[in-house]
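# Commentary on secondary and tertiary structure
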Amino acid sequence: LGTAALVFGPRIAWATATDDAIAEFTGGADVAEATGLTLTAPEIAENGNTVPIEVDAPGAESIIVLASGNPNPDVGTFAFGPLAASQMASTRIRLAGTQDVVAVAKMADGTFQRASQEVKVTIGGCGG
Amino acid sequence: GNWSRLAAQQSLTQEGLIGESGSGNVTLIHITDIHAQTQPIWFREPSINLGVGQAEGQPPHLTGKAFRQLYGIDDGSALDYALTYEDFTALAREYGRMGGLDRIATVVKAIRAQSPEAILLDGGDTWQGSLPAHRTQGADMVHLFNALGAEAMTSHWEFTLGIERVTEIIESELQMPFLGANIFDAMWDEPAYEAMTSFERGGTKIAVIGQAFPYLPIANPSWMFPDLSFGVRQERMASVVQEARDGGAEVVVVLSHNGFDVDRKMAADVPGIDVILTGHTHDALPEPVQIGETFLIASGSHGKFVSRVDLDVRDGRMQGLEHRLIPIFSDVIAPDPEMTALVEETRAPFKEELTEEIGKTDSLLYRRGNFNGTWDDLICDALLEQRDAEIALSPGFRWGASLLPGDPITREDIFNATAMSYPAAYRNEMSGEMLKIVLEDVADNLFNPDPYYQQGGDMVRVGGLGYRIDIMQKQGDRISDMVLLASGEAIDPSRNYVIAGWASVNEGTEGPPIWNVVEAHIRDRGTVSVAENTTVALKSEN
Amino acid sequence: MAENVTPRVRVPSKASAGEEITIKTLISHPMESGQRKDKEGNIIPRSIIHRFVTTFNGETVIDVTMEPAISTNPYFEFVAKVPESGTFEFTWFDDDGSEYTESKDVTVG
Ligand SMILES: [Mn+2]
Ligand SMILES: [Mn+2]
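Residues numbered from 1 in each chain as written. Chains lettered and ligands numbered in written order. Predicted model: local features only at pLDDT ≥ 70, side-chain atom pairs only at ≥ 80, totals over all residues. Heavy atoms only, no water.

## Observations regarding the coordination of the manganese ion (ligand 1)
Protein-derived ligands of the manganese ion (ligand 1) are B:Asp33 (OD), B:His35 (NE2), B:Asp125 (OD) and B:His282 (NE2), with the metal-ligand distances lying across 2.1 to 2.2 Å. In primary-sequence terms, the residues that donate to the manganese ion (ligand 1) follow D-x1-H-x89-D-x156-H. (Donors = N, O, S within 2.8 Å, 3.2 Å for Na, K, Ca; no water.)

## Remarks on the confidence of the model for chain C
Caution applies to low-pLDDT parts of the model: their predicted coordinates are not meant to be read in detail. Averaged over every residue, the pLDDT of chain C is 94; the share at 70 or more is 99%. Confidence estimates for the predicted assembly give a pTM of 0.94 and an ipTM of 0.87. (pLDDT = per-residue confidence, 0-100.)

## Points about the UniProt feature "domain: Sulphur oxidation protein SoxZ" (unreviewed entry) in chain C
Mapped onto the present numbering, the UniProt feature "domain: Sulphur oxidation protein SoxZ" (unreviewed entry) falls at residues 10-103 of chain C. Across residues 10-103 of chain C, helical content stands at 0% and strand content at 53%; the span's end C-alpha atoms are separated by 11 Å. (UniProt positions renumbered as here; feature names shortened; annotations may be inferred. Helix = DSSP H or I, 4+ residues; strand = E, 2+ residues; numbered from the N terminus.)

## Thoughts on unusual backbone geometry
Keep in mind that most residues, glycine aside, have a negative phi and that most peptide bonds are trans. Residues and elements named next belong to chain B. Following Pro59, the chain continues into Pro60 via a peptide bond in cis, with omega recorded as 5°. The residue Pro60 is located in the loop between strand E1 (26-31) and helix H3 (64-71) in this model. For Asp33, which is not a glycine, the phi torsion comes out positive at approximately 55°. With respect to the helices, strands and loops of the structure, Asp33 is situated in the loop between E1 and H3. We note that His302 has phi near 60°; this positive angle belongs to a residue other than glycine. Take His302: it is sitting in the loop between strand E12 (294-298) and strand E13 (305-314).

## Some remarks on the nonpolar core
One finds B:Leu148, B:Phe159, B:Phe329 and B:Trp375 to be the most contacted residues of the largest nonpolar core, which totals 136 residues. For B:Leu148, the contacting residues outside a window of four places in its chain are B:Ile31, B:Leu101, B:Ile104, B:Ala105, B:Val108, B:Arg112, B:Leu120 and B:Met339. Residues C:Ile23, C:Ile70, C:Phe76 and C:Phe90 belong to the second largest nonpolar core, which totals 55 residues. (Core = buried A, V, L, I, M, F, W, Y, C linked by side-chain atoms within 4.5 Å. Buried < 20%, exposed > 50% of the residue type's maximum accessible area, 1.4 Å probe, protein only. Contact = heavy atoms within 4.5 Å.)

## Re the sheet that holds strand E24 (residues 527-528) of chain B
All names here are of chain B. Across the sheet, which stays open at both edges, the 3 strands sit in the order E17-E15-E24 with mixed pairing between neighbours. Either end of the sheet is taken by a strand with one partner, and the two such strands are strand E17 (408-410) and E24. Pairing of strand E15 (residues 357-361) with E17, which is carried by 3 bridges, proceeds in the antiparallel orientation. Bridged to Lys360 within E17 is Pro408. Along the sheet face, helix H16 (residues 411-418) touches E15 and E17 and points at about 70° away from the line of E17. (Pairing = 2+ DSSP bridges. Axes fitted to C-alpha atoms, helices over the stretch in contact; angles between N-to-C directions.)

## Comments concerning the interface of chain B and chain A
Contacts between the two partners involve 48 residues from chain B and, on the opposite side, 23 residues from chain A. Approximately 2,500 Å² of surface area, both sides summed, lies buried where chain B meets chain A, with 56% of it carried by carbon and sulfur atoms. Sorting the residues of chain B by area buried against chain A places B:Ile218, B:Asp441 and B:Tyr453 first, and these three jointly supply 25% of that buried surface. Our count for the contact surface shared by chain B and chain A stands at 1 salt bridge. Close ionic contact of A:Lys120 with B:Asp444 constitutes a salt bridge, the shortest N to O distance being 2.6 Å. Connecting chain B to chain A are 10 residue pairs in polar contact (both at pLDDT 80 or more). Breaking the side of chain B that touches chain A down by element, the ones donating at least two residues are helix H10 (216-219), strand E8 (228-229), strand E18 (426-431) and helix H17 (432-447) of chain B. Take the side of chain B that touches chain A: its biggest share by element is 7 residues, from H17(B). (Buried area = accessible area lost by both parts, 1.4 Å probe. Salt bridge = Lys/Arg side-chain N within 4 Å of Asp/Glu carboxyl O. Polar contact = N/O pair within 3.5 Å; in protein donor to acceptor, adjacent residues only side chain to side chain.)

Have a look at this one:
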């Protein structure tokens, strides 16, 4: 058991910022639940300062990633060029506490899809 | 009295416990979570072991009478003593201690006499948990499991020896593959250890895949192995299983340290696994649990049991499975003299230290249970008094042998409940708000309905503090009615409390090792008694 | 200005025509978020790498816009097509105006 102080962000408070960031990315267009977008993240972060995530959306033009529970939800945007073999990328991100990581993809036909995955950031410290 | 003990034991024989040869053509022997216990011990199974979500009310989340009813175990029988908790003290006096690596060696040799090509597999948590293992940094257990003839292992507490020592052991001491399909290099995200090993026995190709404890960097200090990343990594498991099949494996065995509920989910979600030899959660089940076409075997902990699994593999696939959970009754199974000698050799340098009697106990001392155990109550008392604290916290470990009322407490016994590599008994201040966050956090790691969010320990033990828990709620809403026992007052979120605890995962934690704190407390008391713990109230009905 | 910034990339040196190859990149950089305070309580100013681009023979593979929520030592893994022999160019753009580059040749044959 550790005693490190963690910030458990009030999830509701930042929701607007995340919605705003999505709206900016989509230009206000409708966003469908993902059918061709996969967001992979660990169920539990080993370290909230470096959480591996992967986005994969075959044919997508670009994918934005947001951390809905961070004070500033912006994380990054992946734009794929003609020599991307698939529209997939992984990176490592900072999460201020347990929250939903959100990805929105702009698909080849100009529509948008959204996927999210909860990542738990825990104090940890007990085991069998 | 002695007559009843004899009567009980006479119904047990070594041959009877080991049993006949199975009918298959591939034999596996599974030992897991021995936690460096080379000697016969007492070990009381949990009285409370709650399952949530799909695991609710399912094995292994059954205890006592419910467990006996499911498996048809008679009250007062040897298996009642070995597998459940009621009447533990009385049954322990009848049936005697369990475990002992020399008894295990006898069983392993007997199985090999029947099935010379049997494969012995070790599920991990092998190198930690005793004074000799602590002093030799696992060298004793590595040596002994080499001698026992284990042919592959996976890991958890092994990594708390620190990455340099683990690497040294793997490179120059360990005579078996150290498997972990889910252990990755943190920088480049590439496999850091062998994922599997293959055997060809009796013309059958067997793949054994190792799966280390997924939450090592969270449950244990990640600074001790900073460049490694773990996790369940289900897709990785699926691809290794496929690789094994593509390589011609007719049967795929996962030697797992996931914990039972995580294995249950992995079995359902990853196709192609025939057998999962489970570990970490220390469950002992007399029958396999079948999930789809996968069989889960749970072989207990602390050397109390060895599983024998016979597989019938024909036409390139597994057609049948027989399982026998062999209880190691130390007074019934004869010690193997070679192993006795080897074990004694590893203990000899510490003999005096180990056997020194520190005090006595009036109470049954045990650890297992979701919320508290008397050993931890004693440790919390020691922390409160020796470290002059208002509240004590003791981690919800599942390892640690038991002691019977009237037993002397030796230094070995104290180490059996505390030996590990980050033992500093810290003392610091924590706000009431933070205390609540800690309890909620640990509770969610135990009672999250999704097994992949569970870490498989038990609830952090508390001293000087009472609370109510409703496990069915969400994180943040499970814990209520927190009370400082000394004053009877509600915990004030804004006030700071003096907390003492041990096993902090933070680097640089300061304080005396916990075994010194516990020893000083027992010496002060002479004889310790631990009253029934009524400070944690459980609300399990919705 | 960030010190000791070292880019590292993993690219196979050989490929067959049209093969899809996995590329991994890592650049040592503190990614100072602009939200941390120093010992005196003063805000440490933001200093991050805000963009990362990979091209092959001048054509874009991936172009990433980054915010302070990207971890220290930014890591990226992605998949590229290699139509012919040529050179991958990797460029990281720092807030302070610095550009860090790395290149790798791939032979198709
Ligand atoms: Mn264990
Ligand atoms: Mn374990």
